[in-house]
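# Per-entry structural report
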Amino acid sequence: MKFSQTFIPTLREVPGDAVIASHQLMFRAGMIRKLSNGLFAYLPLGLRSFRKVERIVREEMNAIGSLEIKSTVIVPGELWKESGRWDSMGESLLRLKNRLGSDFVVSPTAEEAVTSIVRDELSSYRQLPLSLYQINTKYRDEIRPRYGVMRGREFTMKDAYSFHASEENLDKHYQAQGRAYRRIFERCGLTVIPVRADSGAMGGSGSEEFMVESEIGDNTLLLCKNCGYSANVEKAECKPDFTPLSQVQTAASHILPVEKIDTPEIKTIEELCAFLKTDAKNLIKTLIYKAINVELDLSSAPGCKTLIKRKAAPGAPACYGEAFFAVAIRGDLDVNEVKLAAVLKAAEVNLAADTDVDRITGAPVGFAGPVGLDTVPVIIDQTITGMNDAVTGALEKDKHYRHVSYGRDFSAWFTADIRTVKAGDRCQACGGELYEKKGNELGHIFKLGKKYTQSMGVSYLDENGKSQMPLMGCYGIGLDRTLASIIEEHHDEQGIIWPMSTAPYHAIIIPIKYQGQVQEACDKLVSELEQAGVEVLLDDRNERAGIKFNDADLLGIPWRIVAGDKNLAAGMVEVKQRSEKEARLIPLTRTAAEIAGAVSDALQLQPNGKDQR
Ligand code: ATP
Ligand code: MG
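Since we're looking at a predicted model, the values are computed, not measured. (Residues numbered from 1 in each chain as written. Chains lettered and ligands numbered in written order. Predicted model: local features only at pLDDT ≥ 70, side-chain atom pairs only at ≥ 80, totals over all residues. Heavy atoms only, no water.)

This part takes up the site of ligand 1. Residues in close proximity to ligand 1 total 14 residues, the closest being Arg 140, Glu 142, Arg 151, Gly 152 and Glu 441. The separation between a nitrogen atom of ligand 1 and a polar side-chain atom of Glu 142 is 2.8 Å. Backbone polar atom of Gly 443 to an oxygen atom of ligand 1: 3.4 Å apart, as the coordinates give it. Compared with its free state, where it exposes 580 Å², ligand 1 has 81% of that area covered by protein. Where the shell around ligand 1 is concerned, the elements lending two or more residues are β8 (154–164) and β22 (434–449). The element best represented in the shell around ligand 1 is β22, accounting for four residues. (Near = heavy atom within 4 Å. Polar contact = N/O pair within 3.5 Å; in protein donor to acceptor, adjacent residues only side chain to side chain. Areas by Shrake-Rupley, 256 points an atom, 1.4 Å probe, with all protein chains shown as cover. Helix = DSSP H or I, 4+ residues; strand = E, 2+ residues; numbered from the N terminus.)

A word on the environment of Gln 134. Checked against the element boundaries, Gln 134 lands in strand β7 (residues 130–139). On the basis of relative accessible area, Gln 134 is assigned to the buried category, the value being 2%. Expressed as a C-alpha distance, the spacing of Gln 134 and Gly 369, which sit 235 residues apart in the sequence, is 51 Å. Non-local contacts of Gln 134, meaning those with residues more than four positions away in its chain, are made with Ile 69, Lys 70, Ser 71, Ala 110, Met 157, Lys 158 and Asp 159. (Buried < 20%, exposed > 50% of the residue type's maximum accessible area, 1.4 Å probe, protein only. Contact = heavy atoms within 4.5 Å.)

With that settled, the discussion passes to helix α9 (residues 354–361). Burial in α9 covers these residues: Asp 356, Val 357, Ile 360 and Thr 361. Buried residues in α9, looked at end-on, bunch into an arc of 110 degrees, giving them a common side. Within α9, the exposed residues directed more than 90 degrees away from the buried face are Asp 354, Thr 355 and Arg 359. Along its buried surface, α9 packs onto β14 (283–294) and β16 (318–330). (Arc of directions from axis to C-beta.)

Our focus in this paragraph is empty space enclosed by the protein. The rolling of a water-molecule-sized probe over the atoms marks out the regions of remaining empty space. The final tally for this structure, using the stated rule, is three cavities of 30 Å³ or more. Here the largest cavity is characterised by a volume of approximately 50 Å³. For the largest cavity, the full set of lining residues is Arg 146, Tyr 147, Met 150, Arg 151, Ile 216, Asp 218, Asn 440 and Arg 481. By volume, the second largest cavity is sized at about 40 Å³. Glu 237, Cys 238, Lys 239, Pro 240, Phe 242, Lys 339, Asp 381, Gln 382, Thr 383, Asp 417, Arg 419 and Val 421 are the residues that line the second largest cavity. The residue makeup of the lining of the second largest cavity, split by class, is four nonpolar, two polar and six charged. (1 Å grid on protein atoms, 1.4 Å probe; cavity = no way out; pocket = protein on both sides within 12 Å on 5 of 7 lines; lining within 4 Å. Points joined across faces, edges and corners; volume = space filled by probe spheres on them. Nonpolar A, V, L, I, M, F, W, Y, C, P; charged D, E, K, R; others polar.)

At the junction of Leu 128 and Pro 129, the peptide bond is cis and its omega measures out at -5 degrees in the coordinates. Locating Pro 129 in the fold gives a position in the loop between α5 (111–121) and β7. The backbone of Tyr 147 shows a phi angle near 60 degrees, a positive value even though the residue is not glycine. Counting through the fold element by element, Tyr 147 comes out in the loop between β7 and β8. Judged by relative accessible area, which is 18%, Tyr 147 ranks as buried. Within the chain, Asp 398 stands out as a residue other than glycine whose phi angle is a positive 60 degrees. Looking at the secondary structure, you find Asp 398 in the loop between β19 (390–393) and β20 (399–404). By relative accessible area, which is 19% here, Asp 398 ends up buried.

On to the sheet that holds strand β4 (residues 74–76), then. The strands that make up a sheet pair up through hydrogen bonds in the backbone, lying either parallel or antiparallel. With antiparallel pairing, three strands are arranged side by side in an open sheet as β4-β6-β5. Looking along the sheet, the strands with just one partner apiece sit at the ends: β4 and β5 (94–97). Each strand axis lies, on average, 35 degrees off the axis of its neighbour in the sheet, ignoring direction. Judged from the four bridges that link them, β5 and strand β6 (residues 103–106) form a sheet pairing that is antiparallel. Note on β6: the bridge partner recorded for Leu 94 is Val 106. (Pairing = 2+ DSSP bridges. Axes fitted to C-alpha atoms, helices over the stretch in contact; angles between N-to-C directions.)

Let's shift gears to the layout of surface pockets. When its volume is computed, the second largest pocket comes out at roughly 400 Å³. Among the elements of the structure, α7 (269–276), β14 and β19 are those that each provide at least two residues to the lining of the second largest pocket. No other element matches the six residues that β14 contributes to the lining of the second largest pocket. Class assignment for the residues of the lining of the second largest pocket results in 14 nonpolar, six polar and two charged.

Let us now look at the state of the cysteines. This structure, assessed with the given rule, holds zero disulfides. Cys 427 supplies the cysteine sulfur nearest to Cys 238, a cysteine that is in no disulfide, at a spacing of 9.5 Å. Not part of a disulfide, Cys 319 finds its nearest cysteine sulfur in Cys 304, a span of 14 Å. (Disulfide = S-S within 2.5 Å.)

Okay, the packing of helix α12 (residues 516–531) against helix α15 (residues 588–602) next. Orientation of α12 relative to α15, taken along the N-to-C sense of each, is 30 degrees, at an axis distance of 9 Å. The pairing of α12 with α15 is recorded here as roughly parallel in orientation. Seen along the crossing, α12 lies across α15 with a hand that is right-handed. When α12 is examined against α15, the residues Ala 521, Leu 525, Glu 528 and Leu 529 are found in contact with a partner set consisting of Leu 588, Thr 591, Ala 592 and Ile 595. (Parallel < 35°, antiparallel > 145°, perpendicular 65-115°, else oblique. Left-handed = near helix turned anticlockwise from the far one by under 90°.)

For the rest of this paragraph, the subject is the packing of aromatic side chains. The final tally for this structure, using the stated rule, is six aromatic pairs. Ring geometry for Tyr 181 versus Phe 210: centroids 5.2 Å apart, planes at 50 degrees, classification tilted. One end of the pair, Tyr 181, is in helix α6 (residues 167–187); the other, Phe 210, is in strand β10 (residues 206–213), and 29 residues separate them in sequence. For Tyr 181, a relative accessible area of 0% puts it in the buried group. (Phe/Tyr/Trp six-rings, centres within 6.5 Å; stacked < 30°, edge-to-face > 60°.)

Among the nonpolar cores identified, the biggest contains 58 residues, and Met 31, Phe 185 and Leu 555 are the most heavily contacted of them. Here this core takes seven residues from α6, the largest share from any one element. Counting residues in each nonpolar core, the second largest holds 24 residues, with Tyr 514, Val 518, Ala 521 and Ile 595 among its members. (Core = buried A, V, L, I, M, F, W, Y, C linked by side-chain atoms within 4.5 Å.)

Attention now moves to the sheet that holds strand β31 (residues 572–577). Strand order across the open sheet formed by five strands is β29-β28-β30-β31-β32, with mixed pairing between neighbours. Strands with a single pairing partner mark the edges of an open sheet, and in this sheet they are β29 (536–538) and β32 (584–587). Going across the sheet, the axis of each strand differs from the next one's by a mean of 30 degrees, ignoring polarity. Bridge count between strand β28 (residues 507–511) and strand β30 (residues 559–563): five bridges; the pairing is parallel. Looking across to β30, one finds that Ile 509 is bridged to Ile 561.

Purely geometric numbers; function is a separate question.
See the structure below:
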């Protein structure tokens, strides 16, 4: 392809809103252009690399027996009402009406569409397992689209959905998807960190995310220095750093009785620690939370007698629209709201408004505590079970209790692990020290169980003619985010440094001046390279050599071949890899064979590990 005949509008300046390297470079290299916030068009160069990522994903999905389909992007709202997500998805779901007034959604994901297709066709266990995938447009009305295609509103996802007759069979395919993901990212030249992830209120039994390390990552990852443990902070657990009181030999006589003390104008944990000259580890922090759509049974919970469980939508499970809870945790720790939502089986949890805190605790914010609190269920983090002689709010303005002991002075409606794990905590698996990294999620695999097959009524007849509900898994990869992440990992000051597998072209030829014998030699080299399967861009523009060199560095094409009168007179051209500093001269006659060999070596990784690894 001749540069002059394609459309690669390179830029020297960085667009004002582009703060990360991939966003800047995709713009400057003429790969993408912005139509609106979160809406990007791929230009020819960008699309070539995008297609390569797509091909790798497709090959690896095919290799594990997932079957490609293509559903529609616009999906009937009815299906989303059946699953209950028409209401629960919130504002990120783009809803629209057609001219007849029927509801539709622009797919942010396709569980509903694919489940409905399978529901209509599935009748017998003989049709299972079934794994379907598509590579298709998604739309999410993200509040803050940013970092270019990393977080767009419209993007392309590979989304797969699998259906199984048994947990073991679901697990087998889930593992195969995980292995395929590892290969996809390896072939793309990406270093990914697979982490345990929250399966949350979805009630799934397993979930893993594939992260790349990134300063601008939205996720915090906890990794063990010792063993392979890695988890999203939303899910991370650690070794308990307390001994439950039930296991401690406490001489009851030396535990002092609870005492109410004055703590005037004390509002924060820090102020309380300073005032009482104690450590935050001796405080019981109590927060009031409002939880939305709680599926947990609250019929026996304090203060919940008047709550009634209802179905939010026809297919959705019954839940309490909202419920309040007091959550107590050791003063030096933070509540992990994702873990809390998971144990409550709630769609979301938020700190209660000040007026609700007032009403529930009988005191302004800052004086909540579990002792004597009976207006809401008290949930305690497991650290609390190791606390005695502690300080906590006394449900009264400017008052705290001291010498408080778990078990003696208060109990809990239930106990759970709801702490946020931090760097320095100990690995639950091996006791090693945990450290933190910021990560960006590229892919997610998830055991959904019966969530959709139940709400959407999917069934088949088993070997005994009995009706059963299949189990489901879902598996997503963001293609645009993967592409941008490749650039994040492979670039320098001058531009992109493509791995061969996703480079828009394998080689670029730069004639110093595209005329005379140089033109002839370059044209011949292009056809030799193309015959050998090498994708070549010929920079035939009438530009200064310096500009062409800069653009070649910006575009990041793995091999650069420079042809000029002087070297050609000696039968030589100059070749250089984008990833290396030094150029060298090689005979023109050997150039095509040498470059073709290097390109094919670099493309060795084949689908499903069928290469020599
Ligand atoms: P995030 O937490 O980053 O919003 P998510 O967990 O909501 O992502 P999933 O529903 O798991 O995303 O979707 C699967 C994949 O789709 C993600 O791993 C990511 O690669 C991609 N993806 C999700 N949202 C976007 C977006 N707004 N722009 C680009 N890619 C996205
Ligand atoms: Mg996800």
